[in-house]
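# Structure at a glance
Letter by letter, the chains look like this.
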Amino acid sequence: MHPDQRPAGAFSDPDLKKRILSALVLIPVAIFTAWLGDWPFALLWLFGAALVLREWNRLVLPGAPMALYVGELAALTVALGLERYFLNPGFAMVALGAGAGVALALSPQGRSRWAIAGLLYAAAVVLGPTILRDDNNLGFVAILWLFAVVWGTDVAAYFAGRSIGGPKLWPQLSPKKTWSGFIGGTLIGTVIALIVVKIAGLQLSVGLALTTWVIAALSQGGDLFESSVKRRFAAKDAGSIIPGHGGVMDRLDGFLVAAVAAAAVGLMRGGVGNPAAGVLVW
């Protein structure tokens, strides 16, 4: 085996203990607020979106005025308020459009597209899970399913990649990620999420299994996208607020893509009143 392909060992990462401790703190909070639903859940993810937006601006828009961040954050807050009041994500687009105008006006010259991208990136953090949770009947189950997909995929990919090794997935973007991690992560993440759905008493189907697998794959794509942004701007991590993980953006890169994709599937199949059912019931 080529030295670059040799497995690093699943437990050789010096940050593993920090990762586990961070998860033991963050996971119960996420699940508890998901169980509460309504505004506690929405505000948690608005807070996460605010942190992601701040890290994005620091990474790709150094020197941008604080007014840019304040304006974009205000747009996110109004977008969430409109979505929660009308229970329709279409109304949130109006606020995001205003936020894009703020980005055009206040971003450094030549960086407006990065400012708008950051606004949409942060909007995905808060609107994706909130839209799914709005379904009164299956919203909580859908969020547990989403957590299981993303967390299961992330953990399984980490251990499969470090234990098995092998060819790199996309070394130009993320030199540590392997095909074994991608395949192991998506398969195990899919199985764990389907087990959650089964425990909840819902019927499993081929459509749900395929959707779950696609969401698992997309979550890893979100990780690669963030890696490409960090590489472009010569940064190892987006921040340092979460021990063992870096920034909030580093922790939510896969989740936000998975959440938006799941919400889109739910809206297309179940409509604005039943997005969770649109994902889970096939």
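Residues numbered from 1 in each chain as written. Predicted model: local features only at pLDDT ≥ 70, side-chain atom pairs only at ≥ 80, totals over all residues. Heavy atoms only, no water.

### Details of the overall build of the protein chain
When its secondary structure is counted, the protein chain shows ten helices and two strands. Its C-alpha atoms give the protein chain a radius of gyration of 19 Å, within 12% of the compact-globule value 19 Å for 282 residues. Each principal axis of the C-alpha distribution contributes one length, and for the protein chain these read about 55 × 50 × 30 Å. Scored against the burial criterion, the 282 residues of the protein chain give a buried share of 49%. Across the protein chain, the fraction of contacts at a sequence separation of at least 24, relative to all contacts at a separation of at least 6, is 71%. Accessible surface, the protein chain as shown: approximately 13200 Å² in total, 69% of it carbon and sulfur. Put simply, the protein chain has 21 plus and 15 minus side-chain charges, and the middle of one group is 6 Å from the middle of the other. (Helix = DSSP H or I, 4+ residues; strand = E, 2+ residues; numbered from the N terminus. Rg over C-alpha atoms; globule rule 2.2 N^0.38 Å. Buried < 20%, exposed > 50% of the residue type's maximum accessible area, 1.4 Å probe, protein only. Contact = heavy atoms within 4.5 Å. Areas by Shrake-Rupley, 256 points an atom, 1.4 Å probe, with all protein chains shown as cover. Lys, Arg positive; Asp, Glu negative; His and termini not counted. Charge placed at Lys NZ, Arg CZ, Asp CG, Glu CD.)

### Brief notes about the pattern of salt bridges
The tally for this structure, following the rule as stated, stands at six salt bridges. With a shortest N-O distance of 3.3 Å, Lys 177 and Asp 223 are connected by a salt bridge. Note that Lys 177 is positioned in strand β2 (residues 174-178) and Asp 223 in helix α8 (residues 206-232), a separation of 46 residues in sequence. Here Asp 223 falls in the buried class, since its relative accessible area comes to 17%. Residues Lys 230 and Glu 226 are paired through a salt bridge, measuring 3.6 Å at the closest nitrogen-oxygen approach. Of this pair, Lys 230 and Glu 226 both sit in helix α8, four residues apart, which is roughly one turn of that helix. No difference in accessibility class separates Lys 230 from Glu 226, as the two residues are buried. Several salt bridges share partner residues, and in doing so they unite Asp 38, Arg 84 and Asp 134 into one network. (Salt bridge = Lys/Arg side-chain N within 4 Å of Asp/Glu carboxyl O.)

### Things to note about the nonpolar core
One broad trend across soluble globular proteins is that nonpolar side chains are buried collectively. By size, the foremost hydrophobic cluster in this structure holds 68 residues, and its most contacted members are Trp 45, Leu 76, Trp 145, Leu 146, Ile 215, Phe 255 and Leu 280. Take this core: its biggest share by element is twelve residues, from helix α5 (residues 112-133). Here Ile 215 is in contact with Trp 145, Leu 146, Val 149, Ala 258, Ala 261 and Ala 262, once residues within four sequence places are set aside. (Core = buried A, V, L, I, M, F, W, Y, C linked by side-chain atoms within 4.5 Å.)

### Looking at the side chain of Asp 253
For Asp 253, the location among the structural elements is in helix α9 (residues 248-270). Of the side chains bearing the opposite charge, Lys 230 lies closest to the buried Asp 253, which forms no salt bridge; the N-O distance is 5.7 Å. Look past the residues within four positions of Asp 253 in its chain and what remains in contact with it is Tyr 121, Gly 222, Asp 223 and Glu 226.

### Describing the confidence of the model for the protein chain
The predicted model of the protein chain has a mean per-residue pLDDT of 90, with 93% of residues at 70 or higher. Taken together, the stretch residues 1-7 has pLDDT below 50 and engages in ten contacts with residues farther than four places along the chain or on a different chain. (pLDDT = per-residue confidence, 0-100.)

### Let's talk about a nonpolar patch on the surface
A surface patch of nonpolar side chains, about 690 Å² in accessible area, is lined by Trp 179, Ile 183, Leu 187, Ile 188, Ile 192, Trp 213, Val 214 and Leu 218. At the level of elements, α7 (179-199) and α8 are the ones that each hand at least two residues to the nonpolar patch. Of all the elements, α7 adds the most residues to the nonpolar patch, at five residues. Among the structural elements, Leu 218 can be located in helix α8. Residue Leu 218 is classed as partly exposed on the basis of its relative accessible area, which comes to 36%. (Patch = residues over 30% accessible without salt bridge, like charges linked within 9 Å, V, L, I, M, F, W, Y side chains within 5 Å.)

### Thoughts on the environment of Ser 205
With respect to the element layout, Ser 205 can be found in the loop between α7 and α8. When the C-alpha atoms of Ser 205 and Trp 282 are compared, they prove to be 6.4 Å apart, with 77 residues separating the residues in sequence.

### Thoughts on the packing of α5 against α8
Each packed pair of helices is defined by two parameters, the angle between the axes and the distance between the axes. Packing of α5 against α8 leaves a shortest axis separation of 14 Å and a crossing angle of 145°. Our pair here, α5 against α8, has a crossing hand that is left-handed. Seen from α5, the contacting residues are Arg 113, Trp 114 and Tyr 121; seen from α8, they are Phe 225, Glu 226, Val 229 and Arg 232. Partitioned by chemical class, the residues of the contact of α5 with α8 number four nonpolar, no polar and three charged. (Axes fitted to C-alpha atoms, helices over the stretch in contact; angles between N-to-C directions. Left-handed = near helix turned anticlockwise from the far one by under 90°. Nonpolar A, V, L, I, M, F, W, Y, C, P; charged D, E, K, R; others polar.)

### Quick look at the pairing of β2
Where strand β1 (residues 168-170) meets β2, two bridges bridge the pair, whose relative direction is antiparallel. By the bridge assignment for β2, Trp 170 is matched with Ser 174. Counted between consecutive antiparallel strands, the loop separating β1 from β2 contains three residues. (Pairing = 2+ DSSP bridges.)

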